[in-house]
Amino acid sequence: QQQVKQSPQSLIVQKGGIPIINCAYENTAFDYFPWYQQFPGKGPALLIAIRPDVSEKKEGRFTISFNKSAKQFSLHIMDSQPGDSATYFCAALSGNTPLVFGKGTRLSVIA
Amino acid sequence: DSGVTQTPKHLITATGQRVTLRCSPRSGDLSVYWYQQSLDQGLQFLIQYYNGEERAKGNILERFSAQQFPDLHSELNLSSLELGDSALYFCASSFENYGYTFGSGTRLTVV
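Reference entry: report on the structure contained in this document.

Thresholds applied
Residues numbered from 1 in each chain as written. Chains lettered and ligands numbered in written order. Predicted model: local features only at pLDDT ≥ 70, side-chain atom pairs only at ≥ 80, totals over all residues. Heavy atoms only, no water. Salt bridge = Lys/Arg side-chain N within 4 Å of Asp/Glu carboxyl O. Buried < 20%, exposed > 50% of the residue type's maximum accessible area, 1.4 Å probe, protein only. Pairing = 2+ DSSP bridges. Helix = DSSP H or I, 4+ residues; strand = E, 2+ residues; numbered from the N terminus. Axes fitted to C-alpha atoms, helices over the stretch in contact; angles between N-to-C directions. Contact = heavy atoms within 4.5 Å. Buried area = accessible area lost by both parts, 1.4 Å probe. Nonpolar A, V, L, I, M, F, W, Y, C, P; charged D, E, K, R; others polar. Disulfide = S-S within 2.5 Å.

### Quick look at the pattern of salt bridges
All names here are of chain B. Summed over the entire model, instances satisfying the criterion amount to six salt bridges over all chains. A salt bridge links Asp29 to Arg26; its shortest N-O distance comes to 3.1 Å. Look at Asp29 and you get buried, because its relative accessible area is 2%.

Shown next as structure tokens:
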């Protein structure tokens, strides 16, 4: 079964807009929630990650919001640029278990 | 360059054949993970090795096997290939269980 559910599958925003990608999980043992960015022909690259003891983390234009009680977390991209057009994956893991990924969101930022 | 090296980048082979994918982890990383990426299934975890030993197993078919050698490089062997095995295969490495670094992948096409 899908341990991390991601939505939407695809997203189109205007340059300068704030795309939001959402993920939900069931396993309360998860203790690390990263987001990966993947460009065509490349491997996923770690963008930003959060632990469940904080509700928000910002790195540059990227922000993760985390809601532990709802078992949901989301990625916000401020002032989005065409160069942000990529596929974004949320993921989760606990202890020594490997990363499990959402199915990905294809983001297109149009000028 | 992420520091994780995967070869070959592309592979085209016929059904029923066997192929070997190779991964060299980032210097200092002890864990190697293999993932399969297809259009409809996202990134699926196959198997993890830690310092030469199998650590975790995911949705890996019996026709697939892997190993990690004393120099920590890893090989993923795919045999009796079927059309449905066509996918991107990614290797990732990590020192601890957090902060995976992915290679650029091997695109396998089975014809």
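Now that the structure is up, let's keep going.
### Here we look at the sheet that holds strand β7 (residues 64–68) of chain B
Residue and element names in this part refer to chain B. In spatial order, the strands read β1-β3-β8-β7; together these four strands make up an open sheet with antiparallel pairing. In this open sheet, the two edge strands, each paired with only one partner strand, are β1 (5–7) and β7. This sheet shows a mean twist of 15° between the axes of neighbouring strands, independent of strand direction. Sheet topology places β7 next to strand β8 (residues 74–78); five bridges connect them, and they run antiparallel. Each residue of the ladder has a partner; that of Phe64, found in β8, is Leu78.

### Observations regarding the environment of Leu11 of chain B
Residues and elements named next belong to chain B. The topology assignment puts Leu11 in strand β2 (residues 10–13). For the pair Leu11 and Leu30, spaced 19 residues apart in sequence, the C-alpha separation works out to 27 Å. Residues contacting Leu11, with those up to four places away along its chain left out, are Val19, Leu21, Thr106, Arg107, Leu108 and Thr109.

### Side note on the interface of chain B and chain A
Each side of the interface is counted separately: chain B has 19 residues, and chain A has 20 residues. Across the chain B to chain A interface the summed buried area is about 1,500 Å²; carbon plus sulfur atoms make up 55%. Linking chain B with chain A are zero salt bridges, by the criterion used here. Elements represented by at least two residues in the side of chain B that touches chain A include exactly β4 (31–38), β5 (42–50) and β6 (53–57) of chain B. Looking at the side of chain B that touches chain A element by element, the count peaks at four residues for β5 of chain B. Considered class by class, the residues forming the side of chain B that touches chain A number nine nonpolar, eight polar and two charged.

### Thoughts on the state of the cysteines
Taken as a whole, this structure holds two disulfides over all chains when the rule is applied. For Cys23 of chain A, the disulfide goes to Cys90 of chain A, at an S-S distance of 1.8 Å. Torsion about the S-S bond of the Cys23 of chain A and Cys90 of chain A cystine: about -90°, corresponding to left-handed handedness. Linking Cys23 of chain A in strand β3 (residues 20–25) with Cys90 of chain A in strand β9 (residues 86–92), this pair joins segments that are 67 residues apart in sequence. Between the sulfur atoms of Cys23 of chain B and its disulfide mate Cys91 of chain B the distance is 1.8 Å. Between Cys23 of chain B and Cys91 of chain B, the disulfide has an S-S torsion of -50° and is therefore left-handed. Taken together, the residues Cys23 of chain B in strand β3 (residues 19–24) and Cys91 of chain B in strand β9 (residues 87–94) connect sequence positions 68 residues apart. The two residues Cys23 of chain B and Cys91 of chain B agree in class, both being buried.

### What about the sheet that holds β3 of chain A?
Residues and elements named next belong to chain A. An order of β1-β3-β8-β7-β6 is seen for the five strands of this open sheet, with the pairing classed as antiparallel. In this open sheet, the two edge strands, each paired with only one partner strand, are β1 (4–7) and β6 (56–59). Averaged over all neighbouring strand pairs, the angle between strand axes comes to 15°, with direction disregarded. Where β1 meets β3, four bridges bridge the pair, whose relative direction is antiparallel. Its bridge partner being in β3, Val4 is matched across the sheet by Tyr25.

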